[in-house]
Amino acid sequence: MARPGAACPPPARRVMVAARALLFWALVYSYCAACACLAALRLLWSFGRRPGSTFRWAVRENPPACLHDPSLGTHCYVRIKDSGLRFHYVAAGERGKPLMLLLHGFPEFWYSWRHQLREFKSEYRVVALDLRGYGETDAPSHKENYKLDCLITDIKDILESLGYNKCVLIGHDWGGMIAWLVAICYPEMVTKLIVVNFPHPSVFTEYILRHPSQLIKSGYYFFFQMPWFPEFMFTVNDFKVLKNLFTSQATGIGRKGCRLTAEDIEAYLYIFSQPGALTGPINHYRNIFSCLPLQHHEVIMPTLLLWGERDAFMEVEMAEITRIYVKNHFRLTILSEASHWLQQDQPDIVNKLIWTFLKEETTRKRE
């Protein structure tokens, strides 16, 4: 008989790993089914209340003027040699200045960084990217093309295609997840890391399994594992879900925040109402459970984590736990009145905090 605390023999260990994997996937698919049932009930409720409008939605034919505001920068494209994909981005600031690369979240696109494009172009070449599958960037049809490895490699390839070998990397939400992973896998390419409302990926995967409240808030991760139905639910009542994410009391920008204008909302509707425009973004999530947890965890560059405490999707406790994975200067700032959409909600405060962090690190190096 094995002594208490002794290591399990290899066969027993394999059984334990297999059992743990089985329980994990049982949880994933069970919760996926539960989320689908809840979505179906909401659909039936909507149809019962407004049968004439539930299944009506319109493709926005013309982009609103704000998407071509010259003060935001220039629309550009770059084709990656290895993947063959063409990426769209908006760039502000002179070529040759240090690169600041901005990665948006879901359901967003380059425009979510409009306040930062204007702010940082004085000292940086600021590039706000449309991630793979979003907006005017190419969208591969198979979900396997959206694995985390592909998304991480995209950022490396884009950096090199732009003529840079390093950057200040900033990511929000899902873009924050990608930013963490780029910093872990290609630390030599990231001089400073700034993440908005997304914890270190290892914190997220460990926390969600131990805290049912976060599991519920992350229900959309599970719901998105289904084919076509999530995309359909976004179109119901002319993209009501999309509008509510940014404007509702539960998930949107609060009264004290910088609320989206009607034109801003139209910009989002223009992008995501195009045929097939939601499949690429949702495909990002359809590979998540096969890619985590991580084998490598440590972040070795100076890191700033900004967090809106009123985030309806991420519990603030994860922000503080993130500290243990950063083996360099780490600064955490939590804004009590801010929502999940932090860089749009409180742009002036966010920009000031970023400037302080960037200049502080420059001062430290000189010392």
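Before any of the text, the structure's been laid out above.
Along each chain, numbering runs from 1 in the same order as the chain's sequence is written. Whole-chain, interface and lining totals are the exception, using all residues; otherwise, since this is a predicted model, local features are given only for residues with pLDDT of at least 70 and side-chain atom pairs are given and counted only at 80 or more. The side-chain numbers reported here are obtained from all heavy atoms of the structure, hydrogens and water having been left aside.

A. Spotlight on the overall build of the protein chain. Each helix is a run of DSSP H or I of at least 4 residues and each strand a run of E of at least 2, with the numbering of both proceeding from the N terminus. Each helix and strand counted, the protein chain has 14 helices and 8 strands in total. It is over C-alpha atoms that the radius of gyration is taken, and the globule rule equals 2.2 Å times the number of residues to the power 0.38. Computed over C-alpha atoms, the radius of gyration of the protein chain comes to 21 Å, within 12% of the 21 Å expected from 2.2 N^0.38 for 367 residues, which places it in the range of a compact globule. Considered along the principal axes of its C-alpha atoms, the protein chain spans approximately 75 × 65 × 45 Å. Categorising residues by exposure relies on relative accessible area from a 1.4 Å probe, with only protein chains included: less than 20% of the type maximum marks a residue as buried, more than 50% marks it as exposed, and the intermediate range marks it as partly exposed. Residue burial in the protein chain is summarised as follows: out of 367 residues, 54% are buried. Note on definitions: a residue-residue contact is assigned when non-hydrogen atoms from the two residues lie within 4.5 Å. Across the protein chain, contacts joining residues at least 24 apart in sequence account for 76% of those joining residues at least 6 apart. Roughly 17300 Å² of accessible area belongs to the protein chain as shown, and the carbon and sulfur atoms make up 57% of that amount. Of the side chains in the protein chain, 41 bear a positive and 35 a negative charge, and the two mean positions are spaced by 3 Å. In this description, accessible areas are obtained by the Shrake-Rupley approach with a 1.4 Å probe, and a residue is regarded as covered only by the protein chains that are shown. Think of it this way: Lys and Arg go in the positive column, Asp and Glu in the negative one, and His and the chain ends go nowhere. A single reference atom marks each charge: NZ on Lys, CZ on Arg, CG on Asp, CD on Glu.

B. Examining a nonpolar patch on the surface more closely. Nonpolar side chains (Val, Leu, Ile, Met, Phe, Trp, Tyr) within 5 Å and like charges within 9 Å form the patches, drawn only from residues with over 30% relative accessible area and no salt bridge. Salt bridges are defined as contacts in which a side-chain nitrogen from Lys or Arg sits within 4 Å of a carboxyl oxygen from Asp or Glu. Where nonpolar side chains cluster on the molecular surface, the patch consists of Leu38, Leu41 and Leu44 and spans about 320 Å² of accessible area. When you line up the elements, leucine 38 lands in helix 1 (residues 10–49).

C. Here's a closer look at the sheet that holds strand 7 (residues 303–308). For two strands to be treated as a pair, DSSP must find at least two bridges joining them. One open sheet accounts for 8 strands, arranged 1-2-4-3-5-6-7-8; its pairing is mixed. In this open sheet, the two strands that pair with only one neighbour each are strand 1 (74–79) and strand 8 (330–335). Recorded for the sheet is a direction-independent mean angle of 20° between the axes of neighbouring strands. As judged from the 4 bridges shared by strand 2 (residues 86–92) and strand 4 (residues 125–129), these two strands associate in the antiparallel manner. Pairing of alanine 92 across the sheet is with valine 126, part of strand 4. Running over the sheet, helix 3 (residues 148–161) touches strand 1, strand 2, strand 3 (99–103), strand 4 and strand 5 (167–172) and is turned about 145° from strand 3. The axes are straight lines fitted to the C-alpha atoms, using for helices just the contacting stretch, and the angles between their N-to-C directions are given from 0 to 180°. Relative to the sheet, helix 4 (residues 174–185) contacts strand 3, strand 5, strand 6 (190–196) and strand 7, its axis offset from that of strand 5 by approximately 145°.

D. Inspection of the layout of surface pockets at higher detail. In this analysis the probe radius is 1.4 Å and the grid spacing 1 Å, with only protein atoms considered; a cavity is a set of points the probe fits into but cannot get out of, a pocket is an open set with protein on both sides within 12 Å along at least five of seven lines, and lining residues have an atom within 4 Å of a point. Grid points are joined across faces, edges and corners, and a volume is the space filled by probe spheres set on the points. The volume enclosed by the largest pocket comes to roughly 1100 Å³. At the level of secondary structure, the elements contributing two or more residues to the lining of the largest pocket comprise helix 1, helix 6 (212–217), helix 7 (219–223) and helix 8 (229–247). Per element, the largest residue contribution to the lining of the largest pocket is 10 residues, and it comes from helix 1. Residue polarity is assigned by list, with Asp, Glu, Lys and Arg as charged and Ala, Val, Leu, Ile, Met, Phe, Trp, Tyr, Cys and Pro as nonpolar; anything else, Gly included, falls into the polar class. In the lining of the largest pocket, the residues fall into 23 nonpolar, 7 polar and 6 charged.

E. Local environment of the pairing of strand 2. In terms of residue burial, strand 2 counts as a mostly covered element, since 6 of its 7 residues are buried. Of the strand pairs in this sheet, strand 1 and strand 2 are connected by 6 bridges, and their pairing is antiparallel. Among the inter-strand pairings, tyrosine 77 is bridged to a residue of strand 2, identified as histidine 88. Turn length for the strand 1-strand 2 hairpin, with the two strands adjacent in sequence and antiparallel, is 6 residues, and the turn residue glycine 84 shows positive phi of about 80°.

F. The packing of helix 8 against helix 9 (residues 262–272), seen in detail. Relative to each other, helix 8 and helix 9 sit at 145°, their axes nearing to 11 Å. The handedness of the crossing between helix 8 and helix 9 comes out as right-handed. Contact residues: Phe239, Leu242, Lys243, Phe246 and Thr247 in helix 8; Ile265, Tyr268, Leu269 and Phe272 in helix 9. In terms of residue class, the contact of helix 8 with helix 9 is built from 7 nonpolar, 1 polar and 1 charged. Working rule for handedness: look at the near helix, and if it is turned counterclockwise from the far one by less than a right angle, call the crossing left-handed; if clockwise, right-handed.

G. Fine view of helix 4. Over its 12 residues, helix 4 extends 17 Å from the first C-alpha to the last, a length consistent with the 16 Å expected when each residue adds 1.5 Å. Counting buried residues in helix 4 gives 11 out of 12 residues, a clear majority hidden from the surface. Each helix should span, by expectation, one fewer than its residue count multiplied by 1.5 Å.

H. Quick look at the pairing of strand 6. For strand 6, a buried count of 6 out of 7 residues is recorded, marking the element as mostly surrounded by other parts of the structure. Two elements, strand 6 and strand 7, share 4 bridges in a ladder whose sense is parallel. By the bridge assignment for strand 7, isoleucine 194 is matched with leucine 304.

I. Region of the structure containing the environment of glycine 257. The residue glycine 257 is located in the loop between helix 8 and helix 9 in this model. Taking relative accessible area as the criterion, glycine 257 reaches 17% and is therefore assigned buried. Between the alpha carbons of glycine 257 and aspartate 345 there is a distance of 4.8 Å; along the sequence they are 88 residues apart. Once residues lying within four places of it in the same chain are set aside, the contact partners of glycine 257 are Asp345 and Gln346.

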